[in-house]
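The lines below spell out each chain.
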Amino acid sequence: MARLNILRYPDPRLHKIAAPVAEVNDNIRSLIADMAETMYAAPGVGLAATQVDVHKQVIVIDISDSRDRLLTLVNPEIVTAMGESDCEEGCLSVPGIYEKVARAEQIVVRALGLDGQSFTMDADGLLAVCIQHEMDHLKGRVFVEYLSRLKQNRIRAKMLKQQRQSA
Ligand code: NI
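As the structure is a prediction and not an experimental result, all values here were calculated from the model.

Caption draft 1: Highlighting the coordination of the nickel ion. Every protein donor of the nickel ion is listed here as Cys91 (SG), His133 (NE2) and His137 (NE2), and their distances to the metal cover 2.1 to 2.2 Å. All donor residues of the nickel ion come from one chain, and their arrangement in sequence is C-x41-H-x3-H. Here Cys91 is found in the loop between strand 4 (85-89) and strand 5 (99-103), whereas its partner His133 is found in helix 2 (residues 125-138), with 42 residues between them in sequence. Here the two residues Cys91 and His133 agree in accessibility, since each one is buried.

Caption draft 2: Seen up close, the pattern of salt bridges. Under the criterion given, the structure shown has 8 salt bridges. Measuring nitrogen to oxygen at the nearest pair gives 3.0 Å for the salt bridge that ties Lys151 to Glu99. Taken together, the positions of Lys151 in helix 3 (residues 149-166) and Glu99 in strand 5 put the pair 52 residues apart, joining distant regions of the chain. Its relative accessible area of 35% is what places Lys151 among the partly exposed residues. Residue Glu99 is classed as buried on the basis of its relative accessible area of 18%. Here Arg103 ties to Asp136 by a salt bridge, and the two come within 2.8 Å at their closest N and O atoms. A residue pair is termed long-range when its members are at least 10 positions apart, and Arg103 in strand 5 and Asp136 in helix 2 qualify at 33 residues. Of the two residues, Arg103 and Asp136, both sit in the buried class.

Caption draft 3: Quick look at helix 3. In this model, helix 3 (18 residues) spans 26 Å end to end at C-alpha, consistent with the 26 Å of a helix rising 1.5 Å per residue. Turning to helix 3, its buried residues are Gln152, Ile155 and Met159. Along the long axis of helix 3, the arc covered by the buried residues comes to 65 degrees, so they all point the same way. Facing away from the buried surface of helix 3 by more than 90 degrees, the exposed residues are Leu150, Arg154, Arg164 and Gln165.

Caption draft 4: Here's a closer look at the nonpolar core. Of all hydrophobic cores here, the largest spans 18 residues; its most connected members are Met121 and Ile131. Residue assignment for this core shows that the elements contributing at least two residues are strand 2 (58-61), strand 3 (71-82), strand 6 (106-112), strand 7 (118-124) and helix 2. Examining the composition of this core, we find that 6 residues originate from one element, helix 2, more than from any other. Not counting the four nearest positions on each side in its chain, Ile131 is found in contact with Ile61, Leu71, Leu73, Ile107, Val109, Met121 and Ala123. Judged by nonpolar contacts, the second largest core, of 15 residues, contains Ile32, Met39, Val52 and Val74.

Caption draft 5: Up close: the packing of aromatic side chains. Tallying each qualifying case throughout the model produces 0 aromatic pairs. Just above the ring of Tyr146 sits the side chain of Arg141; from NZ or CZ to the centre is 4.5 Å.

Caption draft 6: Structural context of the pairing of strand 7. Where strand 6 and strand 7 come together, 7 bridges link them in antiparallel fashion. The residue of strand 7 that forms the bridge with Ile107 is Ala123. In this structure, the hairpin formed by strand 6 and strand 7 is closed by a connection of 5 residues, where Gly116 is found at a positive phi of approximately 80 degrees.

Caption draft 7: Fine view of the sheet that holds strand 7. Read from one edge to the other, the open sheet built from 5 strands follows the order 1-2-3-6-7, with strand pairing classed as antiparallel. The outermost strands of the open sheet, each flanked by one partner alone, are strand 1 (46-48) and strand 7. Across this sheet, the average inter-strand angle for adjacent strands is 40 degrees, counted without regard to direction. Summarising the sheet, strand 1 and strand 2 pair through 3 bridges and their orientation is antiparallel. Within strand 2, the residue paired with Gly46 across the bridge is Ile61.

Scoring rules and cut-offs
Residues numbered from 1 in each chain as written. Predicted model: local features only at pLDDT ≥ 70, side-chain atom pairs only at ≥ 80, totals over all residues. Heavy atoms only, no water. Donors = N, O, S within 2.8 Å, 3.2 Å for Na, K, Ca; no water. Helix = DSSP H or I, 4+ residues; strand = E, 2+ residues; numbered from the N terminus. Buried < 20%, exposed > 50% of the residue type's maximum accessible area, 1.4 Å probe, protein only. Salt bridge = Lys/Arg side-chain N within 4 Å of Asp/Glu carboxyl O. Expected span 1.5 Å × (residues − 1). Arc of directions from axis to C-beta. Core = buried A, V, L, I, M, F, W, Y, C linked by side-chain atoms within 4.5 Å. Contact = heavy atoms within 4.5 Å. Phe/Tyr/Trp six-rings, centres within 6.5 Å; stacked < 30°, edge-to-face > 60°. Lys NZ or Arg CZ within 6 Å of the ring centre and 35° of its normal. Pairing = 2+ DSSP bridges. Axes fitted to C-alpha atoms, helices over the stretch in contact; angles between N-to-C directions.

Encoded structure:
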């Protein structure tokens, strides 16, 4: 396993669209293991392959306190979305920024798991928000892009300044 480099907003590679995975093979399982290690080390509750510059539809999530309930979603699709929630979100690609975004409150998701088998799951609360946030990454969308142009410009300037200082 290896820790991967996480792209930082406003890196244009965060806007690439991820392609579906044709087969959950050893290469994909190895990517998933590396993504999980990277997410746990960060630490974060979710990571999309887009954030490590791999443009395939793969997501890892763990919202448990014990950090031992890894959820892997390959080629995720939202089957049903209901209600509305307005949760404060953060992102490993936009460190230090927390903003509210409107999302569906409850979702039903279909995806392939680590074993390549298709499954359907219900999610609500933080898990539903997290899945929607990570699925956006696969479509090339970062959560701050839901905010006003003014806020986005401020965040962009702050991120670029941070990156210059750490370079
Ligand atoms: Ni994110």
